[in-house]
Amino acid sequence: MPETPTAPTPPRQRRKEARPQELIDAALELFAEKGFAATRSEEVAARAGVSKGTLYLYYPSKEELLKAVISQRLSSEIEAVREYARGYRGDCASLLREVFTEWWRRVFDSPTSAVFKLVITEVRNFPEIAAFYRAEVVDPATALVGSVIERGIASGEFRAVDTRGAVMSLLFPMIMLCLHKHSLGACAPTLEMMDPHEFIGQHVDIVLHGLRGRS
């Protein structure tokens, strides 16, 4: 007996379900273009094709909207990597290389890369956002990378190093790469810089070389 075809979702219902994502996408675009402080809520609503009142139904304030951007674009990604790392059975160097090259290339190539510039340049004036970013991004990301490095040290794969310093050595150049993309890199071509994807791979190789235990 043939299956009864599923009725298509009405356009209005599809539109309503898509609104949070449309608002987040519009907010990130405008925050990257104009900055968080300079962007008005009505501009976000207009770009998403909804009224300002509709925006406030989903996100009561511009700060809540930025929190949603951070949660969706970074926090959820970090959690996904943490779950992947928990079940990973290979060596720690391969895990770090896979996570850093694939994840950071994906982040760099997407609008998510603008989040770092937003935080670095504007969060000082928004302490609530600063606390949220630390709790949702900085602390879990530092703990995740640190746990992999400590696992490698315990197994003898990596030499004994200051874990936090090693984490910063891996993370900071990646953040700087994204910051450059949305500052100097957005103003003029920078021919003197190497390809960002090549830089990410080379950077990870250099740090892993320094971490490996001596035979």
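Residues numbered from 1 in each chain as written. Predicted model: local features only at pLDDT ≥ 70, side-chain atom pairs only at ≥ 80, totals over all residues. Heavy atoms only, no water.

K.L.:
What is the right way to look at helix 4 (residues 62-86) in this model?
P.N.:
Note: α-helices contain 3.6 residues per turn, so residues at a spacing of three or four share the same orientation. If you check helix 4, its first and last C-alpha atoms are 35 Å apart, about what 25 residues at 1.5 Å a residue would give, namely 36 Å. The largest bend in helix 4 amounts to roughly 40 degrees and is located at Ser71. (Helix = DSSP H or I, 4+ residues; strand = E, 2+ residues; numbered from the N terminus. Expected span 1.5 Å × (residues − 1). Bend = angle between axes of the 7 residues up to and from the residue.)

K.L.:
So what exactly am I meant to see when it comes to the environment of Ala37 here?
P.N.:
Along the chain, the position of Ala37 falls in the loop between helix 1 (11-34) and helix 2 (41-48). As a C-alpha pair, Ala37 and Phe126 span 89 residues in sequence and 9.4 Å in three-dimensional space. Residues in contact with Ala37, not counting those within four places in the same chain, are Lys62, Glu122 and Phe126. (Contact = heavy atoms within 4.5 Å.)

K.L.:
Teacher, can you tell me more about the nonpolar core here?
P.N.:
Looking at soluble globular proteins, one finds that nonpolar side chains tend to be buried together. Counting 65 residues, the largest nonpolar core has Leu96, Phe100, Trp104 and Ile149 as its most contacted members. At the level of secondary structure, the elements contributing two or more residues to this core comprise helix 1, helix 2, helix 4, helix 5 (92-109), helix 6 (114-122), helix 7 (127-155), helix 8 (163-181) and helix 10 (196-211). Looking at this core element by element, the count peaks at 10 residues for helix 5. When sequence neighbours within four positions are dropped, the list of residues in contact with Trp104 reads Val99, Phe116, Leu171, Met174, Ile175, Cys178 and Ile200. (Core = buried A, V, L, I, M, F, W, Y, C linked by side-chain atoms within 4.5 Å. Buried < 20%, exposed > 50% of the residue type's maximum accessible area, 1.4 Å probe, protein only.)

K.L.:
Looking at this structure, how should I read the pattern of salt bridges?
P.N.:
Any two side chains of opposite charge can pair, so long as their charged atoms come close to each other. Following the criterion strictly, the structure yields 14 salt bridges and no others. For Asp25, the salt bridge is made with Arg73, and the minimal N-O distance between the two is 2.8 Å. With Asp25 in helix 1 and Arg73 in helix 4, the pair connects residues that are 48 residues apart, well separated along the chain. Given the relative accessible area of 26%, Asp25 is considered partly exposed. Across the pair Glu128 and Lys67 runs a salt bridge whose closest N-O atoms are separated by 2.5 Å. Placement of the pair is Glu128 in helix 7 and Lys67 in helix 4, with a sequence separation of 61 residues. Through salt bridges that share partners, Lys34, Arg40, Glu42, Glu43 and Lys52 make up one connected network. (Salt bridge = Lys/Arg side-chain N within 4 Å of Asp/Glu carboxyl O.)

K.L.:
What is the right way to look at the packing of aromatic side chains in this model?
P.N.:
Any aromatic ring pair is given by two values, namely how distant the centres are and how the planes are angled relative to each other. Using the criterion set out here, one finds 5 aromatic pairs in the structure. Ring geometry for Phe36 against Phe126: centres 4.9 Å apart, planes inclined by 85 degrees, an arrangement best described as edge-to-face. Of this pair, Phe36 sits in the loop between helix 1 and helix 2 while Phe126 is found in the loop between helix 6 and helix 7, placing the two residues 90 residues apart along the sequence. Judged on exposure class, the residue Phe36 and its partner Phe126 are both buried. An aromatic cluster of three or more residues is present, and its members are Phe31, Phe36 and Phe126. When the ring centre of Phe36 is taken as reference, the NZ or CZ atom of Lys62 above it lies at 4.7 Å. (Phe/Tyr/Trp six-rings, centres within 6.5 Å; stacked < 30°, edge-to-face > 60°. Lys NZ or Arg CZ within 6 Å of the ring centre and 35° of its normal.)

K.L.:
What should I look at first to understand helix 5 in this one?
P.N.:
Spanning 18 residues, helix 5 covers 25 Å between terminal C-alpha atoms, matching the ideal 26 Å at 1.5 Å per step. Every buried residue belonging to helix 5 is among Cys92, Ala93, Leu95, Leu96, Val99, Phe100, Thr101, Trp103, Trp104, Val107 and Phe108, and all of these are buried. At its buried positions, helix 5 is contacted by helix 4, helix 6, helix 7, helix 8 and helix 10. At the N-terminal end of helix 5, a side-chain oxygen is found 3.3 Å from the backbone nitrogen of Ala93, two or three residues along, and the residue is Asp91. (Polar contact = N/O pair within 3.5 Å; in protein donor to acceptor, adjacent residues only side chain to side chain.)

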